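# What the coordinates show
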Amino acid sequence: MDALLDFFAGKCVLVTGHTGFKGSWLSFMLAQAGADVVGYSLAAPTSPHLYGLAHVEDGMTSYLGDVCRIEQLEAMFELEPEIVFHLAAQPIVRDSYDDPHATFEINTQGTLNVLECARQAPSVRSLVNVTTDKVYFNEELPDYAYAEEDKLEGYDPYSNSKSCSDLMTRSYARCFLDAAGCATSTARAGNVIGGGDFANDRVIADCVRAAAEGHEVLVRNPDSVRPFQHVLEPLSAYLLIAKSQYEDASKAGSYNVGPDECDCVTTGELVDLWCSRWEGATSRCVDEKASGAADSAAQTEPDKHEAGFLKLDNSKIKRDLGWRPRWHIDEAVARTAEWTRAWLDGDDIAACMRAQIDDYFAS
């Protein structure tokens, strides 16, 4: 087992959003490391879902609940967690246009409740709030990579609610948590891919559905540039941030977690990589505005703006914590295809995940 994972052995770790895609991978990793993992979340948001396929619940203590209900959340902190990873969120940009109120409630009130519970829980020594690369005021400047000191002001309800979550975390850290001995950071990760993501409106998840159904992949915004990375990349960074600030509170802060420049690709290039890894896979670009022009209902909806260009500067986490991306984008896609094949063939998903985690930390 990697030394980073060894650190969590025997520690009580609370994960909010543990039934989601990243939450399931993180909980699985922590359980494998020997942590006493406590999860708090709504039921898994997709069907199928990684949480069930990998039997993540078998290695942890799971509670179903809403982070917006502080009285329920307080009970989790009475279990005396030492480390908290806050992942619970409404994570889809386009869904936030359909229900902005719920998005802001979950992403801001939920974060506020977690921070308030941590403020009153003397056991918590390290807290990591997972936000997003979309927290920045994105002017879509050619080749500009956003750094941690850049302005926070996400455009859409999802991105803006995450900006609020990030700012609230920094305020609570300065005013309350630092003095209470709880080192607190925000982690702003790029777009993640990997086995077990079945969410709507995600590129590789669409590729997986197409593979399962034998359809071609329909590609929106093929020229959009995103910092795509395998899910194990940001999760290893979250673990490293939590460990580093637990041992040295001066390491707490805000950290970008993204791939190196060579692995920032367009959506179209990402789909091409998938097609090269999946026999018989084909893709086709679609113009949603053109295809929906005859639909009067569609014309009345607000434009669901999505950034066309977004990159992260990951130099701070490299410099301050020694983190480095381990898998290039082609490896990330290959590992996602490997997981997908195991799922479609009915293989042992937990075994596949353990093997990929071992390979990642050995790379």
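Up top is the structure these notes are about.
No experiment lies behind these values; they were computed from the predicted model shown.

To continue, consider the packing of aromatic side chains. Between two aromatic rings, the relevant description is the distance of the centres plus the angle of the planes. If you walk through the whole model with that rule in mind, you get twelve aromatic pairs. Ring geometry for W274 against W278: centres 5.3 Å apart, planes inclined by 10°, an arrangement best described as stacked. With relative accessibility at 1%, the residue W274 sits in the buried group. Taken together, the aromatic side chains of F7, F8, F85 and Y246 make up a single cluster linked through ring pairs.

Here we come to helix α15 (residues 349–362). With 14 residues, α15 ought to run about 20 Å at 1.5 Å a step, and its terminal C-alpha atoms sit 20 Å apart, in line with that. Within the sequence span of α15, burial applies to I349, A350, C352, M353, Q356, I357, Y360 and F361. The arc that holds the buried residues of α15, viewed along the axis, is 155°, so those residues lie on one side. Along its buried surface, α15 packs onto α1 (3–6), α2 (21–32), α3 (50–53), β10 (229–230), α9 (232–247) and α14 (329–344). The backbone nitrogen of A350 lies 3.1 Å from a side-chain oxygen of the residue at the head of α15, namely D348.

In a beta sheet, neighbouring strands are held together by backbone hydrogen bonds and run either parallel or antiparallel to one another. If you trace the seven strands from one edge of the open sheet to the other, you get β3-β2-β1-β4-β5-β6-β11, paired in parallel fashion. Here the strands that pair on one side only, and so sit at the sheet edges, are β3 (61–64) and β11 (254–257). Sheet twist, expressed as the mean angle between neighbouring strand axes with direction ignored, is 15°. When strand β6 (residues 183–189) meets β11, the two strands line up parallel, connected through four bridges. Its bridge partner being in β11, T186 is matched across the sheet by S254. Running at roughly 180° to strand β2 (residues 36–41), helix α4 (residues 70–77) makes contact with β1 (12–16), β2, β3 and β4 (83–86) of the sheet.

What counts and how
Residues numbered from 1 in each chain as written. Predicted model: local features only at pLDDT ≥ 70, side-chain atom pairs only at ≥ 80, totals over all residues. Heavy atoms only, no water. Phe/Tyr/Trp six-rings, centres within 6.5 Å; stacked < 30°, edge-to-face > 60°. Buried < 20%, exposed > 50% of the residue type's maximum accessible area, 1.4 Å probe, protein only. Helix = DSSP H or I, 4+ residues; strand = E, 2+ residues; numbered from the N terminus. Expected span 1.5 Å × (residues − 1). Arc of directions from axis to C-beta. Contact = heavy atoms within 4.5 Å. Polar contact = N/O pair within 3.5 Å; in protein donor to acceptor, adjacent residues only side chain to side chain. Pairing = 2+ DSSP bridges. Axes fitted to C-alpha atoms, helices over the stretch in contact; angles between N-to-C directions.

All we've got here are geometric facts, nothing functional implied.
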